[in-house]
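Coordinates in review
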Amino acid sequence: MVATPAGAQSRDRIQVTGSSTVFPFTAAVAERFGQKHGKAPIVEATGTGGGMRLFCGGVGSHTPDVVNASRRMTPSEFDACRRNGVTPIEVRVGFDGIVIANSRATGGMQITLEQLYMALAAEVPNAQGQLVANPHRSWSDISPNLPAQKIEVLGPPPTSGTRDALNERGLLEGCKEAQRRLDVRIDARACQQVRADGAYVEAGENDNIIVQRLQANTGAFGIFGYSFMEENQDKIQSARIDGVEGTVDTIASGRYPLARSLFIYVKRDHIGVIPGLQAFVDEYVSEAAMGEDGYLERKGLVPLQRAEREAVARAARSATGMTGL
């Protein structure tokens, strides 16, 4: 039996916070839930990191019931949850890829992870293997095969799970390639420090704003989730990364270098207390939602394989809380 968090029973609408990447998928589930049960959940986009802080802050009506996450919960976040009496339920909802996109009014781009690192890192190795402040002002400064245009990239802030994934799956991996090529060693933290000289612009948590800015500035590139790329492919195009285009197939198979898993975390302590919370979770893990040809796939979510979907759904319906990471 789940204990009733103090004050939680005073709220009759589910509250969701977190990732802007997962936001459109959860919003679609919330809309379908509202059609069936009334009082659709309130879904807000605060970024994964900001959402986790709110979610793990405690139990009760002043805290959210669900957090969207474009990366897995970290050990420190899990520890914060447990310190504050929160038992999270982890639900992997599908896959997504981080894309580097620009306006269709200009040419497409082919780039390697190493070149991405050399474009966006605060410090990069020079030809002698010394770490220096990033000197690259144009893409062609990195390689003559890249466009002779100013490096201008609009991307997520540090509170975003997309930024975390960019750092870990993009910059860190690209940095490793540079280290192998130049036979040098660079601290992993230095690899993931993004330059702050204007070449990278933190564009907030609203990916739709980035899409609009790419239309206005055809020389700029934007970084966001594949689902936003798919929704706006009449306006923007994505770069090939290490020769691989981001598609449903390459993301699901893991061949796309910037593929990642997406999650929601549900507060087990609020199930049975906040009306409809378990029913909302059941809707999310239904085949109609996150299955193949489900309404979330039609919004750009790349589905899990059937066996994993079924395992995720069983755990979510049984409200199996996490015991560790």
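Cut-off values and rules
- Residues numbered from 1 in each chain as written.
- Predicted model: local features only at pLDDT ≥ 70, side-chain atom pairs only at ≥ 80, totals over all residues.
- Heavy atoms only, no water.
- Disulfide = S-S within 2.5 Å.
- Helix = DSSP H or I, 4+ residues; strand = E, 2+ residues; numbered from the N terminus.
- Buried < 20%, exposed > 50% of the residue type's maximum accessible area, 1.4 Å probe, protein only.
- Axes fitted to C-alpha atoms, helices over the stretch in contact; angles between N-to-C directions.
- Parallel < 35°, antiparallel > 145°, perpendicular 65-115°, else oblique.
- Left-handed = near helix turned anticlockwise from the far one by under 90°.
- Contact = heavy atoms within 4.5 Å.
- Nonpolar A, V, L, I, M, F, W, Y, C, P; charged D, E, K, R; others polar.
- Pairing = 2+ DSSP bridges.

An unreviewed UniProt entry lists the chain under the name Phosphate ABC transporter substrate-binding protein, with Phreatobacter stygius given as the organism.

**Details of the state of the cysteines**
Inspection of the entire model under this criterion finds two disulfides. Covalent S-S linkage joins Cys56 and Cys81, the inter-sulfur distance amounting to 2.0 Å. Handedness of the Cys56-Cys81 disulfide follows from its S-S torsion of about -65°: it is left-handed. One end of the pair, Cys56, is in the loop between helix 2 (48–55) and strand 3 (66–69); the other, Cys81, is in helix 3 (residues 75–83), and 25 residues separate them in sequence. Across this residue pair, the class does not change: Cys56 and Cys81 are buried.

**A few points about the packing of helix 1 (residues 23–37) against helix 11 (residues 277–284)**
At a minimum axis distance of 10 Å, the contact between helix 1 and helix 11 shows a crossing angle of 120°. As the angle between them shows, helix 1 and helix 11 are arranged oblique. Handedness of the crossing formed by helix 1 with helix 11: right-handed. Between helix 1 and helix 11, the residues in contact are Phe25, Thr26, Val29, Ala30, Arg32, Phe33, Lys36 and His37 and Ala279, Phe280, Glu283 and Tyr284, respectively. For the contact of helix 1 with helix 11, a count of residues per class yields seven nonpolar, two polar and three charged.

**Quick notes on the environment of Cys56**
Cys56 sits in the buried class, given a relative accessible area of 4%. Put simply, Cys56 and Gly94 are 38 residues apart on the chain and 23 Å apart in space, counted from C-alpha to C-alpha. Discounting residues that sit within four places of it in the chain, Cys56 has contacts with Met73, Glu77, Ala80, Cys81, Asn84 and Val86.

**Brief notes about the pairing of strand 4 (residues 88–103)**
Most of strand 4 is tucked away: 14 of the 16 residues are buried. Pairing geometry for strand 4 and strand 13 (residues 259–267), over nine bridges, is antiparallel. By the bridge assignment, Arg92 is partnered in strand 13 with Phe263. As paired strands, strand 4 and strand 10 (residues 221–225) are joined by five bridges and run antiparallel to one another. Bridged to Val99 within strand 10 is Phe224. Pairing of strand 4 with strand 11 (residues 236–238) involves three bridges; the strand directions are antiparallel.

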